[in-house]
Amino acid sequence: METSAHFEIAEIDLVYNAPKDLAQRPRVAKASEASVIFKTTWDKGKIGFVEQFKILLLNRMYKVLGICTIATGGMTATIVDIRLVMAAALKSGAVQMIVAHNHPSGNLNPSEADKRVTRQLVDAGKLLNIRVLDHVILSVEGFYSFADEGLM
C-alpha cells in the first residue's frame, strides 16, 4: 500500500486541566445542591431568555470536576447532542453527572422532549459506566428535579 505525503493527519489530544485542590471543590449529591451551583454560574441574561443545556461533571466522591455548556438554543427549545455530553464526561474523567436546562417561560414541567433526552442520556451513560444522577429544569423562580419526582 502506497502512502501519500499530500495530507496531514490530525492528532487527537485528550487533556483535562483540573484545578489542583480537590478538597476545595463543592460536593454535590442532590438536586437542591446542583440547582444552587447551576444558578450561580448561569448567565443571568439568558436564564429567562433562551434555552441552554449544561452538565455538572462529578467524580466518584460527588466532587465537582466542572460545568460544561452543551447547547444554546432559542426561546422555546435547544438541541442536545448526546455525543457531546458523553465526550465532555469522558474527557473530564467524570463517573457521574447531573444535567440541567432552563425553561425561559418559567414553566418547570418537563416536556416529552425533556423526558426523551433524559432517557437517551441515561442509556448512553450506562453503556459508558457514567451515571446520570438527575436532570434539573431551572427557571428564574425555582427548579424541577427528575430524580426527586421519581423519573430517573
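Quick caveat: nothing in here was measured; it's all calculated off a predicted structure.

A.B. asks: For this particular structure, what's the right way to read the overall build of the chain?
C.D. replies: Along its length, the chain carries three helices and five strands. Each helix and strand of the chain, placed in order from N terminus to C terminus, yields the pattern α-β-β-α-β-α-β-β. Taken over the C-alpha atoms alone, the chain extends approximately 60 × 35 × 30 Å along its principal axes. In the chain, which comprises 152 residues, the share counted as buried stands at 41%. Put simply, of all contacts in the chain between residues at least 6 apart along the chain, 67% involve residues at least 24 apart.

A.B. asks: How should the nonpolar core be read in this particular structure?
C.D. replies: Nonpolar side chains in soluble globular proteins tend to end up buried together. Formed by 20 residues in total, the largest nonpolar core has its most connected members in Phe53, Ile55, Val85, Met86, Met97 and Leu121. Secondary structure elements with two or more residues in this core: strand S1 (52-58), strand S2 (64-72), helix H2 (82-92), strand S3 (96-102) and helix H3 (112-128). Ranked by the residues each element gives to this core, the list is headed by H2, at five residues. In this structure, Ile55 is in contact with Phe38, Gly66, Ile67, Cys68, Ile70, Val85, Ala88, Met97, Ile98 and Val99, ignoring residues within four places of it in sequence. Counting residues in each nonpolar core, the second largest holds 15 residues, with Ala34, Val64, Ile98 and Leu133 among its members.

A.B. asks: Teacher, can you tell me more about H3 here?
C.D. replies: Note that an α-helix has 3.6 residues per turn; residues three or four places apart therefore point the same way. The end-to-end C-alpha distance of H3 is 25 Å, a good match for the 24 Å that 17 residues give at a rise of 1.5 Å each. Among the residues of H3, Asp114, Val117, Thr118, Leu121, Ala124 and Gly125 are the ones counted as buried. The buried side chains of H3 occupy one side of the element, clustering within an arc of 135 degrees when seen end-on. Across from the buried face of H3, at angles greater than 90 degrees, the exposed residues are Glu112, Lys126 and Leu127. Where H3 begins, the side chain of Ser111 points an oxygen toward the backbone nitrogen of Ala113, at a separation of 3.3 Å. Asn129, located one to two residues past H3, shows a positive phi value of around 60 degrees.

Calculation rules
- Residues numbered from 1 in each chain as written.
- Predicted model: local features only at pLDDT ≥ 70, side-chain atom pairs only at ≥ 80, totals over all residues.
- Heavy atoms only, no water.
- Helix = DSSP H or I, 4+ residues; strand = E, 2+ residues; numbered from the N terminus.
- Buried < 20%, exposed > 50% of the residue type's maximum accessible area, 1.4 Å probe, protein only.
- Contact = heavy atoms within 4.5 Å.
- Core = buried A, V, L, I, M, F, W, Y, C linked by side-chain atoms within 4.5 Å.
- Expected span 1.5 Å × (residues − 1).
- Arc of directions from axis to C-beta.
- Polar contact = N/O pair within 3.5 Å; in protein donor to acceptor, adjacent residues only side chain to side chain.

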